[in-house]
Structures are given as structure tokens and as C-alpha cells.
Amino acid sequence: MGTTTSKSRRAVVALTTPVAVLAAAALVWHASYAAFSGTTRSSGNSWSTGSVALADDDAGAARFQASNLVPGATDTKCIKVTATASVPGVVKGYAVNAVPSAQGLEDRVKISVVEGNGGTFASCTGFTATGTLITDMPLSTLATFNDYAHGMGGWAVTAGTQSRTYQVTWKFDTTGMTQSQLDALQGSQTGIDIQWELQSS
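Residue numbering note: each chain is counted from 1, following its sequence as written. The predicted nature of this model means local features are confined to residues of pLDDT at least 70 and side-chain atom pairs, given and counted, to a pLDDT of 80 or more, with totals for whole chains, interfaces and linings taken over all residues. Values shown for side chains rest on all heavy atoms present in the structure; no hydrogens or waters enter the calculation.

Now for the overall build of the chain. If you tally the helices and strands in the chain, you get three helices and eight strands. The buried label applies to any residue whose accessible area, calculated with a 1.4 Å probe on protein chains only, is under 20% of its type's maximum; exposed applies above 50%, and partly exposed to all values in between. Looking at the chain as a whole, 27% of its 201 residues are labelled buried. Of the contacts made within the chain by residues no fewer than 6 positions apart, 83% connect residues no fewer than 24 positions apart. Per-residue accessibility takes into account occlusion by the displayed protein chains alone, with areas from the Shrake-Rupley method and a 1.4 Å probe. Accessible surface, the chain: about 12900 Å² in total, of which carbon and sulfur atoms supply 55%. Comment: elements are numbered from the N terminus, with helices defined as DSSP H or I runs of at least four residues and strands as E runs of at least two. Only heavy atoms enter the contact rule, under which two residues are in contact if any of them lie within 4.5 Å.

Quick look at the structure:
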């Protein structure tokens, strides 16, 4: 009788042990699943590029159309440039579309550019200078400043809309020329464009 009871106890213990191990494993899994957690999120992230735009008030017209020049001839006009940008940038002016002459007229037409405020393409009335960009530069020299990197000026534009006026003066300078040199310039023609460009900084 005592032997049977002892065997039964051993059998119960043997059967109980695996169950206890499984129960312990279940408790470990449940404890892991029930751990505290927390999250946070920075929502709505996006990226977009800035924009820059440049316009002037000449309505596509040429600034100067001088003909029948005589020694000492000169003229002055203004152009108002407006920048609209969402990012800071810098405006510079440089030469494009240079047209040299066979007689070298481009060496005798000299350009001065002054920047400031007030005035328009229609009239320089009210223009107030804030700085000089070039003085008496021959068109032939100006033509070599033909890209943004070598441009004149350096108007620092902030985000928003702002304007600046450029006063341009040309003169037909024949100082020191002989009569035969002057006569050689008859019937000659030259030309150049000044382009203003805004690049973001």
C-alpha cells in the first residue's frame, strides 16, 4: 500500500514539473507583452524649393537707340529692376550680345552705371544715387564682363519684393583722336545689352 502511494506521488511530480515550466514561460511572455511603452511623432514634414524672379520696367524696349553720333554726344536713362524672392539672393549686371564694329567704335563709346532709388525707365526724375558700379568703361571692356561671376554690382536681396534703379550714361568720347581717326569712324555701328541676374545665395 505504501509502495503504491510512493509511486503515485512520483508520477504526479513527474507530470507536474513540465506543466510548471510551461506556466513559468507563459508568465514571462505575458510580462514582456505587458511592458510600458510610449511614442511621439513629428508630423507633416515636407521640403520645397525657394524661388527668385527679376523684372524691369522697360517693357521690352531698348534703353538707347542712338544714331548719327557726333563727337561728345551723350545720354542718360534709368531702368528700375524689381526682385521677387522667397529666399535671399544677389543681383549683378553683365554684358551680353556685344556687337563689335570693324572700325573700333566700341572703344570710343563709354558707359557709366550708378545704382540708387527712384526714377524709372520713362524718366530719371527722383533718382537718388547710392553707389557707382562703373565709370567711363568702353563697350569693348564691358563686353569682357559677360557672365554673372564677373558681373558688376552686388545688390543683396532679401526675401520679399524690392526694387533698385540703375542710371546708365553713355558718351561718345573722341578725346585725343586725330581727324583721320575720327573720319575712320564714320558709318560704323556697335551695340551691347546689359543683363541683370538674380541668383539665390
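As a further point, take the packing of aromatic side chains. Ring geometry is summarised as follows: Phe, Tyr and Trp rings, the Trp one being its six-membered ring, pair when their centres sit within 6.5 Å, and such pairs are stacked at plane angles under 30 degrees, edge-to-face over 60 and tilted between the two. The tally for this structure, following the rule as stated, stands at two aromatic pairs. Relative to W196, the ring of Y166 lies with its centre 3.9 Å away and its plane at 15°, an arrangement referred to as stacked. Separated by 30 residues along the polypeptide, Y166 in strand β7 (residues 160–172) and W196 in strand β8 (residues 191–200) bring together distant segments of the chain. Y166 gets classed as buried once you look at its relative accessible area, which sits at 1%. Residue W196 is classed as buried on the basis of its relative accessible area, which comes to 10%. For a Lys NZ or an Arg CZ to count as sitting over a ring, it must be within 6 Å of the ring centre and within 35 degrees of the ring normal. Against the face of Y148 rests K92, its NZ or CZ located 5.1 Å from the ring centre.

On to the pattern of salt bridges. For this analysis, a salt bridge means a side-chain nitrogen from Lys or Arg found within 4 Å of a carboxyl oxygen belonging to Asp or Glu. A complete count under the given rule lists three salt bridges for this structure. A salt bridge links K110 to D173; the nearest nitrogen and oxygen atoms lie 3.1 Å apart. Of this pair, K110 sits in strand β4 (residues 109–117) while D173 sits in the loop between β7 and α3 (179–184), and the two are 63 residues apart along the sequence. Where K171 meets D136, a salt bridge forms, and the shortest distance between an N and an O atom there is 3.4 Å. Taken as a pair, K171 in strand β7 and D136 in strand β5 (residues 128–138) lie far apart in primary sequence, 35 residues in all. Taking relative accessible area as the criterion, K171 reaches 29% and is therefore assigned partly exposed. For D136, a relative accessible area of 32% corresponds to the partly exposed category.

What counts as a disulfide here is a pair of cysteine sulfur atoms lying within 2.5 Å. Here the structure, examined in full by the defined rule, presents one disulfide. Bridging C78 to C124, the disulfide has an S-S length of 2.1 Å. Across the S-S bond of C78 and C124 the torsion is about 120°, and the bridge reads as right-handed. Here the residue C78 occupies a position in strand β2 (residues 74–85), and C124 occupies one in the loop between β4 and β5, the gap between them amounting to 46 residues. Given the relative accessible area of 0%, C78 is considered buried.

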